[in-house]
Amino acid sequence: MIELHQFRPFWGLPNASPFCMKVETYLRFRGIPYTVVPSGPRQSPTGKIPFVVEAGRSIADSEAIIDHFEKRQPAHLDAGLSETERAIAFCVRELVEDRLYWQVTYMRWGDPAGWVVFKPDLVKYLPWAMRGPVLFLLRRMLLRQMRQRGLSSADSRGAYAKGKAVLDALAALLGDKAYFLGAAPRSLDMSLYAFLANILDQPHGNPLQAHGRALGNLVAYCARMKALCWQGWSA
C-alpha cells in the first residue's frame, strides 16, 4: 500500500496545503490506492510535505510524486499535447505554484483579518509544543518572507491585487474550455484545482476569494474537478 504523508484535512478542505491536495487529487483521479498518514515536515526526508512511501522508498515533491506514478500508466496524462501546450503548462504551473502559494499563505498568516480567524483553528490543530513561542516565530518568519515578495500586512489591498491578477489570467486562459488545456484533465489541472480550491472553498472570506468567486468559469471549473475527483468526500 502506498502511504501518502501529509497534513490532516482542515477547514473543510481535503488539505489546506495546495501541494498535498494536488497529489491526493491526482491519486484519486487515477484510482491509485493509498492510505493517508498524518505527518509534518519533521517526518519528511526533505523537510517538506507531501511525500509518499512505497515499498520502503520515500518520494518527496508533488511534481516528482506525480511523475513517478505516471510512468506506470498506459497513457500519460499529457499524452498528445504539443510542445507549445507543454511549455504553456510548465509556465502556468510554475507561476501558480509560486504566486498563489504566497497568496494562500498571506490570506491566512499575513492578512490581519485572516490571521484572526485562522489562528484559533490552527492552534487546535497543532501539537502543544508548537502553540506558543514556536508559532510566534514561525509567523514572524513567514511575514518576513511575504514582505520580501511585496505582501505586507499593512497593505492587504496591494497584496491581494497581485493574486487577483493571477486569477484574472487563469480565467482568461480557461475561457469556455472544460479544463485548462482542453476537454480532458491534464497534469496541470491537478495543481491548478488544488490552489484554486484553497482560495475559493476555504470557510472564511477575503477580497481574493470574493474576486475568484466572481469569475464564473473558475467556479464552474472547481465544481467540475470536485465532482470528478472528490465526489462523496467529507472531512
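As a reminder, the structure under discussion sits directly above these lines.
Residues numbered from 1 in each chain as written. Predicted model: local features only at pLDDT ≥ 70, side-chain atom pairs only at ≥ 80, totals over all residues. Heavy atoms only, no water.

We now examine the pairing of strand E1 (residues 2–6). The buried count for E1 comes to 4 of 5 residues, which makes it a mostly enclosed element. Two elements, E1 and strand E2 (residues 34–38), share 5 bridges in a ladder whose sense is parallel. Pairing of Glu3 across the sheet is with Thr35, part of E2. Taking the sense of rotation as the criterion, the β-α-β connection linking E1, helix H1 (residues 18–30) and E2 turns out right-handed. With 3 bridges connecting them, E1 and strand E3 (residues 51–54) associate as antiparallel partners. Across the sheet, residue Glu3 finds its bridge partner in E3, namely Val53. (Buried < 20%, exposed > 50% of the residue type's maximum accessible area, 1.4 Å probe, protein only. Helix = DSSP H or I, 4+ residues; strand = E, 2+ residues; numbered from the N terminus. Pairing = 2+ DSSP bridges. Right-handed = clockwise from strand over helix to strand, strands pointing away.)

Attention shifts here to the nonpolar core. Judged by nonpolar contacts, the single largest core of 65 residues is most densely connected at Leu170, Phe180, Leu218 and Tyr221. Here this core takes 10 residues from helix H7 (residues 187–200), the largest share from any one element. Dropping the residues within four chain positions of it, Leu218 is found in contact with Leu167, Leu170, Ala171, Leu174, Phe180, Leu196 and Leu200. (Core = buried A, V, L, I, M, F, W, Y, C linked by side-chain atoms within 4.5 Å. Contact = heavy atoms within 4.5 Å.)

Moving on, we come to helix H9 (residues 216–229). Over its 14 residues, H9 runs 20 Å from end to end, which matches the ideal 20 Å to within 8%, given 1.5 Å per residue. At its buried positions, H9 is contacted by H1, helix H6 (156–174) and H7. (Expected span 1.5 Å × (residues − 1).)

In this description, a pair of aromatic rings is defined by centroid distance and the angle of the planes. As enumerated under the stated definition, the model contains 14 aromatic pairs in all. Plain terms: the ring middles of Phe19 and Tyr101 are 5.9 Å apart, the flat faces sit at 45 degrees to each other, and that makes the pair tilted. Taken together, the residues span a long stretch of sequence, with Phe19 in helix H1 and Tyr101 in helix H3 (residues 83–110) at a distance of 82 residues. A relative accessible area of 30% means that Tyr101 is categorised as partly exposed. Ring centres 6.3 Å apart and planes at 75 degrees place the aromatic pair Tyr179 and Tyr221 in the edge-to-face group. Residue Tyr179 is found in the loop between H6 and H7, and its partner Tyr221 is found in helix H9; the two are separated by 42 residues along the sequence. An identical accessibility class is assigned to Tyr179 and Tyr221; each is buried. In this structure, Arg8 is placed above the aromatic ring of Tyr125, and the distance from its NZ or CZ to the ring centre is 4.5 Å. (Phe/Tyr/Trp six-rings, centres within 6.5 Å; stacked < 30°, edge-to-face > 60°. Lys NZ or Arg CZ within 6 Å of the ring centre and 35° of its normal.)

All we've got here are geometric facts, nothing functional implied.
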